[in-house]
Amino acid sequence: MFRATGLDLAATGTRRVSVGVPWGSARPEGPRPAGRGPEIANVPSDRLTFRRLNVPPAGREIRSRVVREELSCSLPFPLEEAAWDWTDGDDVASVLVALRSHLEEIRRESGERARLDGEPLSYLRAARECGFEDALVLDFGASRTTMCALKDGALEWVRVSFRGGEALDRRLAAARSLTPEAAEDLKKDQGLALPECQEWLETLLEEALLPRPVPFEALLVCGGGARMPGLREALGDRLGLPATPFPVPGSLCPYRDVAAWGAALAARPGRPRIRLAPSLPQPTGLRPWYLVWLVALLLGASVDLEVRHATLARRSAQQAETLQAALRQQAPSLAELPEEQLLGALSRQIEAAREAGRRSPALLLSTLGRLAGPLQEQPGLEIRAVTFEEGVLTLEGQTGSAQQAEAFRSSLEAILDKPELIENRAGAGGQTRFRMEGRVREP
């Protein structure tokens, strides 16, 4: 049977799992998997930037342009230095971005045959294969802990903490004057019975800003650290949801093989997948027969350009006549302007109309009315002050916890553009005072 192999480049070694395509059983593989099927390697979550973007109901090419524009404005590094790809639902794109320099390192580890996919999508594919469309996945690895939220069968958010098993071993070794090996054995033996392990877990969850209880239908754990005694019970107590390992096929380990299994599932039809391609060295020089093809292509391109130029000139003249007729009817003052001044004047009028719309009282009142839904979902949260200036809406108030303030901010993403929690500090009576702002969306 045709089989695909998934690679998980973990800190403790590379794991390989293969699955049959388009169907078939899963099984762990050695360093040299049987067969010559495709290989899919995970790009680790700490090497990725995740974005969840709204996209228009259009074809993939148009949606890709929208995604590119959004990334160009929001990434902390030039888009030309990165590789990116995305999967989409009805109106949302889940985008994964990686620096090309990082991909070149991963390519050296995975080999030239492997296609590079994203680790968060492997968790998503594995969860969906197990029957979960709504879940919070926690992978307790040696060098990091990865949290991946899944909603309606798609990625919601991804968070990575470098509080992994090795960091906990170092903490135990320092606190109890042990060797790293002895600390590892103590952790495996006693787990959450140790106060250092309890504090480690509490800090990990607090830094993740997870609401209590978590708003998911399932809590799935994997990774070697998930074997720690008492960890699943402690997660259930703190997050209000039973923590269970992935119900993987019987031939696989739910702690070791989940990410590699999810990578292999990318080869099956209908599964969400991406391709992150690092830059490849370009060959130098041209072979003689390349020059023959190049000349032929240039001749064909020249003829094509001439035909296109004539067609575009004819269309441009027709569009100019249509525009002049529309201007004479709708904006007579602009129709009298010289052609070189027309574009600037028209742009100024459009921008003035858009600015008036952004400052419209009706738009503000409509936005405030839509805040009723998120406020009802957060009992005890109060809005004390509302400010609207230059299209930016500022909300000030108080709530019972910092987690609730963050949950309220997340719910505003459906109403405001880029809502941000500007201030979040402790107040009187155990309350938390907050201030957040976001730009009102244009009509």
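Coordinates for the structure precede this section.
This report concerns the structure included in the present document. Keep in mind that this is a model prediction, so the values were computed, not measured.

About the cut-offs
- Residues numbered from 1 in each chain as written.
- Predicted model: local features only at pLDDT ≥ 70, side-chain atom pairs only at ≥ 80, totals over all residues.
- Heavy atoms only, no water.
- Helix = DSSP H or I, 4+ residues; strand = E, 2+ residues; numbered from the N terminus.
- Buried < 20%, exposed > 50% of the residue type's maximum accessible area, 1.4 Å probe, protein only.
- Areas by Shrake-Rupley, 256 points an atom, 1.4 Å probe, with all protein chains shown as cover.
- Lys, Arg positive; Asp, Glu negative; His and termini not counted.
- Charge placed at Lys NZ, Arg CZ, Asp CG, Glu CD.
- Core = buried A, V, L, I, M, F, W, Y, C linked by side-chain atoms within 4.5 Å.
- Contact = heavy atoms within 4.5 Å.
- Pairing = 2+ DSSP bridges.
- Axes fitted to C-alpha atoms, helices over the stretch in contact; angles between N-to-C directions.

This part takes up the overall build of the chain. Within the chain, the regular secondary structure consists of 14 helices and 17 strands. Oriented by its inertia axes, the alpha-carbon framework of the chain measures out at about 85 × 75 × 40 Å. Going through the 443 residues of the chain one by one, you find that 41% of them count as buried. Here the chain has roughly 24000 Å² of accessible surface; of this, 53% comes from carbon and sulfur atoms. Of note, the chain has its 56 positive side-chain charges centred 5 Å away from the centre of its 60 negative side-chain charges.

With that settled, the discussion passes to the nonpolar core. Formed by 41 residues in total, the largest nonpolar core has its most connected members in Phe-246, Trp-261 and Leu-276. Residue contacts for Phe-246: discarding those within four places in its chain leaves Tyr-123, Ala-126, Ala-127, Cys-130, Val-137, Leu-220, Val-221, Cys-222, Pro-254 and Val-258. Leu-194, Trp-200, Ala-226 and Leu-231 belong to the second largest nonpolar core, which has 34 residues in total.

A word on the sheet that holds strand β17 (residues 432–440). Spatially, the 4 strands line up as an open sheet ordered β14-β15-β17-β16, and their pairing is antiparallel. Both edges of this open sheet fall to β14 (382–389) and β16 (416–426), since each of them pairs with a single strand only. Sheet twist, expressed as the mean angle between neighbouring strand axes with direction ignored, is 15 degrees. By the bridge criterion, 7 bridges tie β14 to strand β15 (residues 392–399) in an arrangement that is antiparallel. The partner of Glu-382 across the bridge, within β15, is Gln-398. Along the sheet face, helix α12 (residues 361–370) touches β14, β15, β16 and β17 and points at about 30 degrees away from the line of β15. Its contacts with the sheet put helix α14 (residues 402–411) on β14, β15, β16 and β17, and the angle it makes with β16 is roughly 170 degrees.

Shape is all these values report; function is a separate question.
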